[in-house]
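What follows is each chain in one-letter form.
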Amino acid sequence: MVLTLVTTLVTPACSERSRSGRSTSTGWWQADPPDDPPQMMNTSLPFQYPVAQYLGRMEGNVTLRLFVDAEGRVVTDSTRIDQSSGISAFDSAALAGARELRFRPARRRGTAVPVALLYPVHFRHPEGPRPPG
């Protein structure tokens with residue numbers, strides 16, 4: 001059985017929040033943006049398609065909010081679901097796989113810095129409908 005999973009690399013989609021709680025348009029980095037964003041180092045994706053959802057040909061998207069430290073490690077205690085797929089098995093699989101992600105750290109003026117970012121995980125069945133675009 002082939003399990004298909006699609007994900008994109010780091011997505012610059014986080015937004016900074018003002019004191020009022022509203023999203024601001026200053027970008028996805030808090031304060032001073034890095035010169036070089038983090039780069040995923042994994043050679044294969046660490047996300048496992050849940051078997052029941054695969055057999056049911058279900059698909060879903062999960063967006064994780066990750067905190068990547070200055071050494072490129074995901075701080076798992078800080079990983080959260082930013083946008084749920086609506087299917088708890090997909091959400092759980094995305095959280096579990098995030099523990100295995102490794103990044104080349106973001107850099108600001110040559111120094112490695114920690115960053116928060118949004119990371120999309122797309123569960124796609126090979127026999128499912130093709131997304132538009």
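The rules behind these values
Residues numbered from 1 in each chain as written. Predicted model: local features only at pLDDT ≥ 70, side-chain atom pairs only at ≥ 80, totals over all residues. Heavy atoms only, no water. Helix = DSSP H or I, 4+ residues; strand = E, 2+ residues; numbered from the N terminus. Buried < 20%, exposed > 50% of the residue type's maximum accessible area, 1.4 Å probe, protein only. Contact = heavy atoms within 4.5 Å. Core = buried A, V, L, I, M, F, W, Y, C linked by side-chain atoms within 4.5 Å. Phe/Tyr/Trp six-rings, centres within 6.5 Å; stacked < 30°, edge-to-face > 60°. Salt bridge = Lys/Arg side-chain N within 4 Å of Asp/Glu carboxyl O. Polar contact = N/O pair within 3.5 Å; in protein donor to acceptor, adjacent residues only side chain to side chain.

Draft legend 1. Summary view of the overall build of the protein chain. Within the protein chain one finds two helices and eight strands. In the protein chain, the succession of α and β elements from N to C terminus is β-β-α-β-β-α-β-β-β-β. Among the 133 residues that make up the protein chain, the fraction classed as buried is 38%. Across the protein chain, every contact between residues at least 6 apart in sequence was considered, and the portion connecting residues at least 24 apart equals 73%.

Draft legend 2. Broad picture of the nonpolar core. In terms of nonpolar packing, the biggest core is built from 23 residues, with Leu 64, Leu 66, Leu 101, Phe 103, Tyr 119, Val 121 and Phe 123 touching the most fellow members. Mapped by element, the contributors of at least two residues to this core are β3 (60–68), α2 (88–98) and β8 (115–123). Counting residues per element, this core draws most heavily on β8, which supplies five residues.

Draft legend 3. Broad picture of the packing of aromatic side chains. Within the structure shown, the criterion is met by six aromatic pairs. Here Phe 90 and Phe 123 contribute two aromatic rings whose centre-to-centre distance is 4.6 Å and whose plane-to-plane angle is 15 degrees, an arrangement assigned as stacked. One end of the pair, Phe 90, is in helix α2; the other, Phe 123, is in strand β8, with 33 residues separating them in the sequence. Both residues of the pair, Phe 90 and Phe 123, belong to the buried class. An aromatic cluster of three or more residues is present, and its members are Tyr 49, Tyr 54, Phe 90 and Phe 123.

Draft legend 4. Broad picture of the pattern of salt bridges. Under the defined criterion, the tally for this structure stands at four salt bridges. Here Asp 82 and Arg 65 are joined by a salt bridge, their closest N and O atoms 2.8 Å apart. Of this pair, Asp 82 sits in strand β4 (residues 80–83) while Arg 65 sits in strand β3, placing them 17 residues apart in sequence. Here Asp 82 falls in the partly exposed class, since its relative accessible area comes to 36%.

Draft legend 5. Inspection of the side chain of Ser 85 at higher detail. Among the secondary structure elements, Ser 85 is positioned in the loop between β4 and α2. Side-chain polar atoms of Ser 85 contact the side chain of Asp 91, separated by 3.0 Å. If sequence neighbours within four positions are ignored, Ser 85 has contacts with Gly 60, Asn 61, Val 62, Phe 90 and Asp 91.

Draft legend 6. Region of the structure containing unusual backbone geometry. At Arg 57, a residue that is not glycine, the phi angle is positive and equals roughly 55 degrees. In this fold, Arg 57 is placed in the loop between α1 (51–55) and β3. Unusually for a residue other than glycine, Arg 109 sits at a positive phi of about 50 degrees. You can call Arg 109 exposed: its relative accessible area is 61%.

Draft legend 7. Region of the structure containing the environment of Glu 100. When you line up the elements, Glu 100 lands in the loop between α2 and β5 (103–104). Taking the relative accessible area as the measure of exposure, Glu 100 reaches 47% and is therefore partly exposed. Distance from Glu 100 to Thr 76, taken between C-alpha atoms, is 9.4 Å for residues 24 residues apart in sequence. Those residues within four positions of Glu 100 in sequence are excluded, and the remaining contacts are Asn 42 and Pro 46.

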